[in-house]
Amino acid sequence: MSGSPRALTIPDALLAAAYRHARATFPAECVGWLVGPAGGDAVSALRPCENAYDAAAHPTANDRSVETAYALSVADCRELDRAMSSAAPPRVLYHSHPNGRAYFSATDREVALGGWDEPVYPLQQLVVGIDAACVVEARLFAWDADEREFVVVATYAGAAA
Ligand SMILES: [Zn+2]
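Residues numbered from 1 in each chain as written. Predicted model: local features only at pLDDT ≥ 70, side-chain atom pairs only at ≥ 80, totals over all residues. Heavy atoms only, no water.

(A) Region of the structure containing the packing of aromatic side chains. The tally for this structure, following the rule as stated, stands at three aromatic pairs. With 5.3 Å between their ring centres and 35° between their planes, phenylalanine 104 and phenylalanine 141 make a pair best called tilted. Of this pair, phenylalanine 104 sits in the loop between β3 (90-97) and α4 (106-113) while phenylalanine 141 sits in strand β5 (residues 135-144); the two residues are 37 residues apart in sequence, bridging distant segments of the chain. A ring pair is formed by tryptophan 143 and phenylalanine 150, whose centres lie 5.3 Å apart and whose planes are at 70°; its orientation type is edge-to-face. Each member of the pair, tryptophan 143 as well as phenylalanine 150, carries the same accessibility label: buried. An aromatic cluster is built from Phe104, Phe141, Trp143 and Phe150, whose rings are joined through pairwise contacts. In this structure, arginine 23 packs its charged tip against the face of phenylalanine 26, placed 5.1 Å from the ring centre. (Phe/Tyr/Trp six-rings, centres within 6.5 Å; stacked < 30°, edge-to-face > 60°. Helix = DSSP H or I, 4+ residues; strand = E, 2+ residues; numbered from the N terminus. Buried < 20%, exposed > 50% of the residue type's maximum accessible area, 1.4 Å probe, protein only. Lys NZ or Arg CZ within 6 Å of the ring centre and 35° of its normal.)

Right, here's the structure in full:
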């Protein structure tokens, strides 16, 4: 790997679609992915997922909820895995933070690495910071193989979504 990772291009319409998904699930986190041509530098479609976190969590024995965490369903995990080898694979995983802040959390990193020392899938990560009033900010993160860390590769303006 040479140099810093470059942001995939997310067309405005797809960014807006991710914002709408974040609004629809607020105050829960939304999750989904953006697909694009294999080897290309842009994404071309959005594939929303259902946040399956609450299905697995016990309401009194867990300090997290769909408002502070996301999880893919088993079916979505299988689909993600299958689609990775398609002509238009998932390129970006997106989720929202209902606290309005678009940072890549320690938990986000753990989920992306899945217990390994580099990401399970070669996905960039879009985080949408949304609150009750609007989308505050959004950032795109990518794995920097030299830094061994996710770094910000693009920042997007919020919206009155
Ligand atoms: Zn997160």
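(B) A look at unusual backbone geometry. Following phenylalanine 26, the chain continues into proline 27 via a peptide bond in cis, with omega recorded as 10°. Looking at where proline 27 falls in the secondary structure, it is placed in the loop between α1 (12-25) and β1 (31-35). A positive phi angle, close to 60°, is found at arginine 148, a residue other than glycine. Relative to the helices and strands, arginine 148 resides in the loop between β5 and β6 (149-159).

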